[in-house]
Amino acid sequence: MRRADRLFQIIQILRRNRGPITADAIAAELETSKRTVYRDIADLIGQRAPIRGEAGVGYILEDGFDLPPLMLTPEEVEAAVLGAQMVAARGDPALRRAAEDLIAKIGAVIPENLRPLVVEPATRAAPSWKTAPDNIDMASVRQAIRSGRKLTLTYRDEQERETQRTVWPFAVGYYETTRLVVAWCELRHDFRSFRTDRVSAAQFPDERYPDRPASLRARWRRRQQEQWAAMQAEEARKAQGA
């Protein structure tokens, strides 16, 4: 790898990690020596890249630094186009249009030698033929999540029983044939997932919920990790008992 490419990749690695990352981890990803990483980071700092940290502890890239837009590698172009294809195949109408616009914008601004990766991509996302229809305006759901506002749902469960729910939405899950609104449910006092095809009616009151969406997502992820760890421990216990 050329030195200029290596310096660029170090910035990319630091930018994608929120916490400190060690020289060992950087060297392993770049398939180079730790000494080379130390030298490259010293050079980047000398060029006024706002890298903070020290050997043995780890490095982070401080806020306020960015690279020129769309300096993309062929793999990054393919990843972006494939991801946009998947959104176009499985997203709601607003996201589908956004994904198609994104592909067009990438194709318009990348260098000529990379343009075939957009115009005639070798990677393809399979179409989704049996996607359940949304019974709620997903663009409004995403806006409610961004602004931290409540939703009021009339929801049918698997037994077709309807309940009224006031929820605090913080994420949307996209699966092969269904979409889920992940939220804190005031009725159940717990996290719940609501299939969008089982929503009978929805209202979008102008009322904020008393938490931040990012905080709810963090709590939900911890809950998911705890449940997964408990399941793993139970399976291990059963295996030992067998």
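Placed above this text is the structure.
Residues numbered from 1 in each chain as written. Predicted model: local features only at pLDDT ≥ 70, side-chain atom pairs only at ≥ 80, totals over all residues. Heavy atoms only, no water.

1. Observations regarding the nonpolar core
We count it as follows: Side-chain atoms within 4.5 Å are what join buried Ala, Val, Leu, Ile, Met, Phe, Trp, Tyr and Cys residues into a set we call a nonpolar core. A 1.4 Å probe rolled over the protein chains alone gives each residue an accessible area, and that area as a share of the maximum for its type sets the label: buried under 20%, exposed over 50%, partly exposed in between. We count a stretch as a helix when DSSP gives it H or I for four or more residues in a row; a strand needs E for two or more, and each element gets its number in order from the N terminus. In this description, contact between two residues means that some pair of their heavy atoms is separated by no more than 4.5 Å.
Within the largest apolar cluster, 17 residues are counted, with the highest numbers of intra-cluster contacts made by Ile10, Leu14, Ile26, Ile41, Leu44 and Ile51. Going through the elements one at a time, helix 1 (3-16), helix 2 (23-30), helix 3 (34-46) and strand 2 (58-61) are the ones with two or more residues in this core. The element best represented in this core is helix 1, accounting for five residues. Here Ile51 is in contact with Ile11, Leu14, Ile41, Leu44, Ile45, Tyr59, Ile60 and Leu61, once residues within four sequence places are set aside.

2. With respect to helix 4 (residues 74-90)
Applied cut-off: Helix span, as expected, comes to 1.5 Å for every residue beyond the first.
Between the first and last C-alpha of helix 4 there are 24 Å, a value that for 17 residues agrees with the 24 Å anticipated at 1.5 Å per step. All of the buried residues along helix 4 are Val77, Val81, Ala84, Gln85 and Arg90. Turning to helix 4, the residues buried within the fold contact helix 5 (93-109), helix 6 (116-119), strand 4 (162-174) and strand 5 (179-185).

3. Thoughts on the side chain of Gln85
Structurally, Gln85 is set in helix 4. Looking at Gln85, the relative accessible area reads 15%, which means it is buried.

4. Topic: the packing of helix 2 against helix 3
Between two packed helices, the angle of one axis relative to the other and the distance separating the axes together describe the packing. Operational definition: The axes used here are C-alpha line fits, helices contributing only the stretch in contact, and every angle between their N-to-C directions lies in the interval 0 to 180 degrees. For this classification, under 35 degrees means roughly parallel, over 145 means roughly antiparallel, 65 to 115 means roughly perpendicular, and everything else is oblique. Think of it as three bins: nonpolar holds Ala, Val, Leu, Ile, Met, Phe, Trp, Tyr, Cys and Pro, charged holds Asp, Glu, Lys and Arg, and polar takes everything else, Gly as well.
It is the contact of helix 2 with helix 3, at a shortest axis distance of 8 Å, that shows an interaxial angle of 105 degrees. The orientation of helix 2 with respect to helix 3, classified from their angle, is roughly perpendicular. Each of Ala23, Asp24, Ile26 and Ala27 in helix 2 lies in contact with helix 3, whose residues at this interface are Lys34, Val37, Tyr38 and Ile41. For the contact of helix 2 with helix 3, the residue count by class is six nonpolar, no polar and two charged.

5. Quick notes on helix 1
Quick reminder: α-helices carry 3.6 residues per turn. Residues three or four places apart thus point the same way. The first and last C-alpha atoms of helix 1 sit 20 Å apart over 14 residues, in line with the 20 Å expected at 1.5 Å per residue. All of the buried residues along helix 1 are Arg6, Leu7, Phe8, Gln9, Ile10, Ile11, Gln12, Ile13 and Leu14. Structurally, helix 1 contributes buried residues whose contacts are with helix 2, helix 3, strand 1 (51-54), strand 2 and helix 4.

6. A word on the sheet that holds strand 5
Quick reminder of the rule: If DSSP finds at least two bridges between two strands, the strands pair.
In spatial order, the strands read 6-5-4-3-7; together these five strands make up an open sheet with antiparallel pairing. Every interior strand has two partners, whereas the edge strands, strand 6 (190-195) and strand 7 (199-203), have only one. Recorded for the sheet is a direction-independent mean angle of 45 degrees between the axes of neighbouring strands. Judged from the six bridges that link them, strand 3 (residues 151-156) and strand 4 form a sheet pairing that is antiparallel. Paired with Arg156 across the strands is Glu162, a residue of strand 4.

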